[in-house]
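# Tertiary structure, described
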Amino acid sequence: MTRTVLVTATNYSRLCSEGKALLEANGCRVIENDFGRPMTFQELSDRVGDADAVVAGVDTWNDDVFAIAPRLKVISRFGVGVDNIDVEAARARNIKVTNAAGGNANAVAELTIGLIISAMRGIPELHASTRKGAWDRFVGEELIGRTVGILGFGNIAQKIAKKLKGFEVKVLAYDKFPNAEAANALGVELVDADTVLTQSDIVCTMLPSLPETRQFMNADRFAMMKDGAYFINTARGALVDETALKSALDTGKLRGAAIDVYEREPTDATNPLFQAAGLVTTPHTAAETYETYSSIGVLTAQAVIDALEGREPRNLL
Ligand SMILES: NC(=O)c1ccc[n+]([C@@H]2O[C@H](COP(=O)([O-])OP(=O)(O)OC[C@H]3O[C@@H](n4cnc5c(N)ncnc54)[C@H](O)[C@@H]3O)[C@@H](O)[C@H]2O)c1
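Residues numbered from 1 in each chain as written. Predicted model: local features only at pLDDT ≥ 70, side-chain atom pairs only at ≥ 80, totals over all residues. Heavy atoms only, no water.

## Focus: the site of the ligand
Surrounding the ligand, one finds 26 residues, the nearest of these being Asn 155, Asp 175, Leu 207, Glu 212 and Thr 234. One of the backbone N or O atoms of Ile 156 is found 2.9 Å from an oxygen atom in the ligand. One of the side-chain nitrogen or oxygen atoms of Glu 212 is found 2.6 Å away from a nitrogen atom of the ligand. Relative to its unbound accessible surface of 870 Å², the ligand loses 87% to contact with the protein. Considered class by class, the residues forming the shell around the ligand number 14 nonpolar, seven polar and five charged. (Near = heavy atom within 4 Å. Polar contact = N/O pair within 3.5 Å; in protein donor to acceptor, adjacent residues only side chain to side chain. Areas by Shrake-Rupley, 256 points an atom, 1.4 Å probe, with all protein chains shown as cover. Nonpolar A, V, L, I, M, F, W, Y, C, P; charged D, E, K, R; others polar.)

The following block contains the structure:
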């Protein structure tokens, strides 16, 4: 029996040929997202009626969509964060939800390191001014000997800590459910959130986006940070009050910040945050590597096949 898999993650044919081939070899017809962006409710409702499974990007998957998807058995999230999926509503309708935990951790960790150095050395400004023919040799700062604090010590944070070892920094981490074994193995000191904020020269957020972590980084917490520190967010925009971040940059409390994720995505040039000095920005691109697309393409396809064939898929939430 042919089953229909709706893929709303973008670039599927181009970058996930192995995952697509795996689905097709297992009797699945693949319907792709041709819009190159998250699909709207209307676009989903035009396609979801026949879908047995979904490989989901960051479109909104809530009970309104489930109500018009009578065949849907599994949503395999093409990524880690499931804040765009109402997991409880899915469970109530016997729709399994999986994610690709760990599948993009290396890519996000590498971009995070890149953003730390970009912010500390002003690489984007140097690039822009050099290309304009200027010879502005701005003076930056080094990472060696600094303290890097990570809020959240899960998959990605642990990879960041591992990569940071070579930079000869001290790493602090805060986690509600701390993994002491991983921290010991990586030479990371587990501390409370206030200690991360007050002791670190660079603070990275690696928390999940949950109601309890919404705007975790607010004006009070930016005020607790060291003067002249740097702030990096490659996790989720909802973790940060952007107005408070802008103010921390404008007043010089923070020397720099780098962010990949925004309160509202896609963001645009009118975002007041972009007026702040010392800000490095990327468009939610931390996981966007060929390697990630390939591995998550296979991982999500296998989860769909397992769920449709009655086996327990990996990373079932
Ligand atoms: N920018 C991107 O493209 C991109 C890509 C992948 C993941 N992410 C985001 O990065 C973040 C980290 O992802 P991960 O794969 O490492 O997740 P993870 O689940 O492995 O780690 C999250 C950690 O946070 C801890 N935690 C949960 N609730 C907490 C709370 N209230 N207070 C303190 N700690 C808490 C957990 O114990 C866990 O160790 C997530 O927000 C994810 O959505 C971003």
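## Details of the UniProt feature "domain: D-isomer specific 2-hydroxyacid dehydrogenase catalytic" (unreviewed entry) in the protein chain
According to UniProt, the feature "domain: D-isomer specific 2-hydroxyacid dehydrogenase catalytic" (unreviewed entry) maps to residues 13–316 in the numbering used here. End C-alpha atoms of residues 13–316 are separated by 25 Å, and the span's content is 37% helix alongside 15% strand. (UniProt positions renumbered as here; feature names shortened; annotations may be inferred. Helix = DSSP H or I, 4+ residues; strand = E, 2+ residues; numbered from the N terminus.)

## Overview of unusual backbone geometry
In the segment running from Glu 265 into Pro 266, the intervening peptide bond is cis, with an omega of -10°. Along the chain, the position of Pro 266 falls in the loop between β11 (254–259) and β12 (279–281). Phi angles above zero are rare outside glycine, and Asn 315 is one such case at about 60°. On the secondary structure map, Asn 315 appears in the segment after α13 (290–308). On the basis of relative accessible area, Asn 315 is assigned to the partly exposed category, the value being 24%. (Buried < 20%, exposed > 50% of the residue type's maximum accessible area, 1.4 Å probe, protein only.)

## As for the environment of Glu 24
Mapped onto the elements, Glu 24 comes out in helix α2 (residues 17–25). For Glu 24 and Tyr 174, which are 150 residues apart along the polypeptide, the C-alpha to C-alpha distance reads 43 Å.

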